[in-house]
Each structure stands twice: as structure tokens, then as C-alpha cells.
Amino acid sequence: MTQRQSAGIRTARAAVLAAVVALAGVLLPMTAERAVAASCNGASHKAPTLSAGKATPGSGTPSTNITFTVRYRDLGGCPPSRMVLVIPGRGTYPMTRSGTNYAAGVTYSKALKLPAGTWGYRFEVTSGTGAGKRSVVLKKVTPGQVVIIAPTPKPTPKPTPKPTPKPTPRPTPVPPPRATPKPTPAPTPQPTAAATAAPELTSAPSAATGPTPAPSDPGQVAVGGPGGPNGSPGSGGAGGAIIGPPTPRPESPTSASSLRFGFDPGIGLPVFAWSLTTALGVMLFAFVLRRPTRRERVPVGPNLAAAVAVAPAGADAVNPDEANLPRWLRPTLREQRQWSDRAAYAVREPERFDSPPRGGADRRTIGYRLVRLSDGPDDLRSNEISRLDRGDEVEIIGDQGGFLQVRTPSGLEGWVPRIAIVR
């Protein structure tokens, strides 16, 4: 064998070896993947493990980022189909992985902010499919709870109020002084010719009488006395007399009409109206009481005997002597009503059954007086059949709501209130 042939054989062998190695490199991963897939889907798949669950930091404020981490490991190398962080009261959060070597262990993490309060947490994972599906929950974590404290609010600074400028006071103008007007003297009235010609009104001056008073009214004139010019009568002279129209006096504030009738219109008119309405009301009330009913309208006169003959007997009968009286004033009807009331409220012997109960019948006793026996289990929409008294024996045959259906010893059947039965 030549040297060239030997080299060719070595080259062929190297090529075959390289092909085998390449084929093994392709087939071995496929076999490993198939083995992993078979272990994740089969019943032989073991449950994964969760460990080192923690929250960093364990406390903070609402602005602090809390990082939750946990380590996941699956001996079969199966990736988790669900890895979440659960915070009760907040929600469920998916976590992020840090690698793919699940058989050696992979760390998952989640960072988030929480509101003020105390929060618990746990980690949940699901791995595998089909018969190999496994789920694990990790509740043993460090710390057991995350405490978030709300920061103390800073007090809001109060703005310093600006000083309010005070207005400059303006001088108050002083009004100029006004001249005080002088009073104009009233002219002195001169005596008239009629006053001069009346000697009977003039009186001689006397030291005892004194000066004549001046007139208080401009229309009056003072005459007589030596005080006038040239010895003639003048105003204000002593011993003179005052003539002229009298001074009118002011009227009283009370009007003439009130003085004429003797009462104040502001008080008398309401009193008069009240008296009138009261009198009309009394008359109307008397008319209504006096108006006879249809049974009271008995003819009077020659046909009175015939009306009495056809009148029904009993409580509705009309006594001829009481025909013109209202019903509530008739002695006959009043006496009949009194006797009927005595009969209704009279104490009687209790009713009892003569024979013992049959077939387990339930018999009870009435515990109150004048219990209403109705034809239905309703006090408002039923009719009264009779009245039962205290001590009466009844037999229970039915019940509905607050009523019992009973049968009396006389054979009456009806309904009574449940509370009326004592035993």
C-alpha cells in the first residue's frame, strides 16, 4: 500500500467520524427534548418546588417599590405554565424569570407599589400538562406581611395676610354760619267802629280788676281802658273787654260715629260678626236635631190611629205620644235599648259539649267575653255569626293566619281570633 492510499484511507475515516459526531449532535438534543417533554406530560412528573419567597423591603411608604422574589426549581426541567404573586385584597400579578435552567433553579421577581396598610402575600406556580400537571403554593415567606405606612402630611403654610391700608381721613367741611332771622312783630289790631259804639261792653278801670288780658286770637279785639292813644279805648289797656269770634277747640281723637253708637268700630265689628255666626250655627244645629227621620214621619190628625195600627211591633214601633219627639228622646226606645244591652252583656252559663271528642279532635276554651264569631278569617270583610263568651268550649277544625276555625256545641262553625283561645 502506497503512502497516497494510506492518506486517503485516513481522510475517509476522519470524514466518517465527523459525520457520526454531527449526527449525534443533532439526535442527542432531540432525544433530550423528547425525554423532557415526556417527563412533563406523564404521571411520573414530580411536583416543582418554591423556596426563598421574600419581599424587599418589608415596609415602606406608598411611594416605595417593593420587590417580591421566589426561586423555582423543577427536577424534570419543565418550565412553569403559570407563576404569579397573589396579594389578598389587591390582585394577582404575573412574575418575570431570570433564566431558563429550571432543573438547577430559576428566580422569579415582581416589583410594585402598595397603598398604606398591612398586606399579606403568597406565590403560586403550575408546571406540566395533562397527567403531569402539578401546582404548588408557597405561603411561608419572609416577612410574613408587608407594612406600608402613609407619610405624615406636611402642614400647609398659612399665607401671611397683607396689611390693609387705612384710608386717610378727610376733614369734615364746616358749614358757614347762617344769620338768625329776627322775628317780625305782629301788627296791633285797631278797634273797629262797632266796638267803639258799644258802650255796654266797656268797663271802667278799677284797681282791683287789674289789666285786661291780651287777646289770644288775631280776630279778637280788646276795647276799653285808658291804655289807648288819646284816652280812647285800645288794645292791652286796663279795664278793657275782649270781643270777637271765640277760639275753636280741637276735636277729640274719638270719632263722632263712635261717640254716637257707644263702641269702637275696630273692636265692635269682629264681635258683631262672631255673634251672628254663632247664632246661625246654633239655629242650624237645632234644625238638624229637630228634623224627623223617615220612621219618625208619622201623620198627625185624623189618620193618626190608622198609622199606629200599621206600625211594626218591637224596637222600631212608633208610640203615638212620642211621634213628634226625636228618636234619642223617646222613652220607649230608650227603655228597649237598655233592656237589649242588659241581655247582651248578661252573664250566662258557658256552653259545653255533651259528648267526649272523637277522632282526636282538639277542644279549647274561650278566654274572653263577647268574642266575635265570623264567617271568614277577617275582622273587616267578614260577617258576624254570633258571639262567644268566656268559658265556652269550642272544637278546632282549621286555622289560617291569626284566626282559628271552630265549631260550637250548638253546631255553629266560624272563625275567631287565635288570641281568644286560652287552652
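For clarity, every value in this text was computed on a predicted model and none was experimentally measured.

Caption draft 1: View of the overall build of the protein chain. What the protein chain contains, in helices and strands, is 6 helices and 19 strands. When contacts within the protein chain are restricted to residue pairs at least 6 apart in sequence, those whose partners lie at least 24 apart make up 57%. Carbon and sulfur atoms provide 61% of the accessible area of the protein chain, an area that totals close to 30,500 Å².

Caption draft 2: Expanded view of the environment of G58. Inspection of the secondary structure puts G58 in the loop between β1 (49-56) and β2 (59-60). A sequence separation of 88 residues divides G58 from V146, and the C-alpha atoms of the two residues are 5.1 Å apart. Every residue in contact with G58, bar those within four places of it in the chain, is listed here: P143, Q145, V146 and V147.

Caption draft 3: Broad picture of the packing of aromatic side chains. As enumerated under the stated definition, the model contains 4 aromatic pairs in all. Summarising the aromatic geometry, the rings of F68 and Y121 are spaced 5.0 Å apart at their centres and angled 65° between planes, so their arrangement reads as edge-to-face. Taken together, the residues F68 in strand β3 (residues 66-73) and Y121 in the loop between β8 (117-120) and β9 (122-127) connect sequence positions 53 residues apart. Here the aromatic rings of Y72 and Y108 are separated by 6.2 Å at their centres, their planes lie at 85°, and the arrangement is edge-to-face. Taken together, the residues Y72 in strand β3 and Y108 in strand β7 (residues 106-112) connect sequence positions 36 residues apart. For the pair Y72 and Y108, one class covers both residues: buried.

Caption draft 4: Region of interest: the sheet that holds strand β5 (residues 91-94). Pairing in this open sheet of 4 strands is antiparallel, and the strands run β5-β4-β9-β10 from one edge to the other. The open sheet has two edge strands, β5 and β10 (134-138), and neither has a second partner. Along the sheet, successive strands turn relative to each other by an average axial angle of 25°, direction set aside. By the bridge criterion, 6 bridges tie strand β4 (residues 80-87) to β9 in an arrangement that is antiparallel. Directly across from V84, in β9, lies its bridge partner E124.

Caption draft 5: Region of interest: the state of the cysteines. One pass over the structure, following the stated rule, counts 1 disulfide. Between the sulfur atoms of C40 and its disulfide partner C78 the distance amounts to 1.6 Å. Disulfide C40-C78: the torsion about the S-S bond is -105°, which places it as left-handed. Separated by 38 residues along the polypeptide, C40 in helix α1 (residues 3-41) and C78 in the loop between β3 and β4 bring together distant segments of the chain. Across the pair, C78 and C40 agree in class, each one buried.

Caption draft 6: Here's a closer look at the pattern of salt bridges. Tallied over the full model, the rule gives 11 salt bridges. Across the pair E124 and R82 runs a salt bridge, and its minimum N-O distance is 3.3 Å. Taken together, the positions of E124 in strand β9 and R82 in strand β4 put the pair 42 residues apart, joining distant regions of the chain. Classification of R82 as partly exposed rests on a relative accessible area of 36%. Residue R407 pairs with E395 through a salt bridge whose shortest N-O separation is 2.9 Å. Highlighted residues: R407 in strand β18 (residues 403-407) and E395 in strand β17 (residues 393-400), separated in sequence by 12 residues. Look at the salt bridges and you will find they share partners, linking R363, E395, R407 and E413 into a network.

Caption draft 7: View of the nonpolar core. Counting 25 residues, the largest nonpolar core has L50, F68, L85, I87, Y121 and F123 as its most contacted members. Broken down by element, the residue count for this core peaks at 4 residues, all from β3. One finds L373, I396, L404 and A420 within the second-largest nonpolar core, a separate group that totals 11 residues.

Caption draft 8: Structural context of the sheet that holds β1. Judged by pairing direction, the sheet is antiparallel, and its 4 strands sit side by side in the order β1-β3-β7-β6 without closing on themselves. At either end of the open sheet lies a strand with only one pairing partner, and these are β1 and β6 (96-97). Two strands pair when backbone bridges link them, and β6 and β7 are joined in this way by 2 bridges, in the antiparallel orientation. Directly across from R97, in β7, lies its bridge partner Y108.

Caption draft 9: How the structure looks around the confidence of the model for the protein chain. Averaged over all residues, the pLDDT of the protein chain is 74; the fraction at 70 or higher stands at 64%. Under a pLDDT of 50 for its full length, residues 293-318 has, in the predicted model, 29 contacts with residues more than four places off or in other chains.

Caption draft 10: Spotlight on the environment of D399. Considering the arrangement of structural elements, one finds D399 in strand β17. Taking the C-alpha atoms as reference, D399 lies 8.4 Å from W415; in sequence the two are 16 residues apart.

Caption draft 11: Here's a closer look at unusual backbone geometry. Look at the link from T56 to P57: it is a cis peptide, with omega at -10°. The step from T142 to P143 runs through a cis peptide bond, and the omega angle for that step is -10°. Relative to the elements of secondary structure, P143 occurs in the loop between β10 and β11 (145-148). At A52, a position not held by glycine, the phi torsion is positive, near 55°. Position of A52 among the secondary structure elements: in strand β1. Positioned with a positive phi, L370 is a non-glycine residue whose angle comes to about 50°.

About the criteria used
- Residues numbered from 1 in each chain as written.
- Predicted model: local features only at pLDDT ≥ 70, side-chain atom pairs only at ≥ 80, totals over all residues.
- Heavy atoms only, no water.
- Helix = DSSP H or I, 4+ residues; strand = E, 2+ residues; numbered from the N terminus.
- Contact = heavy atoms within 4.5 Å.
- Areas by Shrake-Rupley, 256 points an atom, 1.4 Å probe, with all protein chains shown as cover.
- Phe/Tyr/Trp six-rings, centres within 6.5 Å; stacked < 30°, edge-to-face > 60°.
- Buried < 20%, exposed > 50% of the residue type's maximum accessible area, 1.4 Å probe, protein only.
- Pairing = 2+ DSSP bridges.
- Axes fitted to C-alpha atoms, helices over the stretch in contact; angles between N-to-C directions.
- Disulfide = S-S within 2.5 Å.
- Salt bridge = Lys/Arg side-chain N within 4 Å of Asp/Glu carboxyl O.
- Core = buried A, V, L, I, M, F, W, Y, C linked by side-chain atoms within 4.5 Å.
- pLDDT = per-residue confidence, 0-100.

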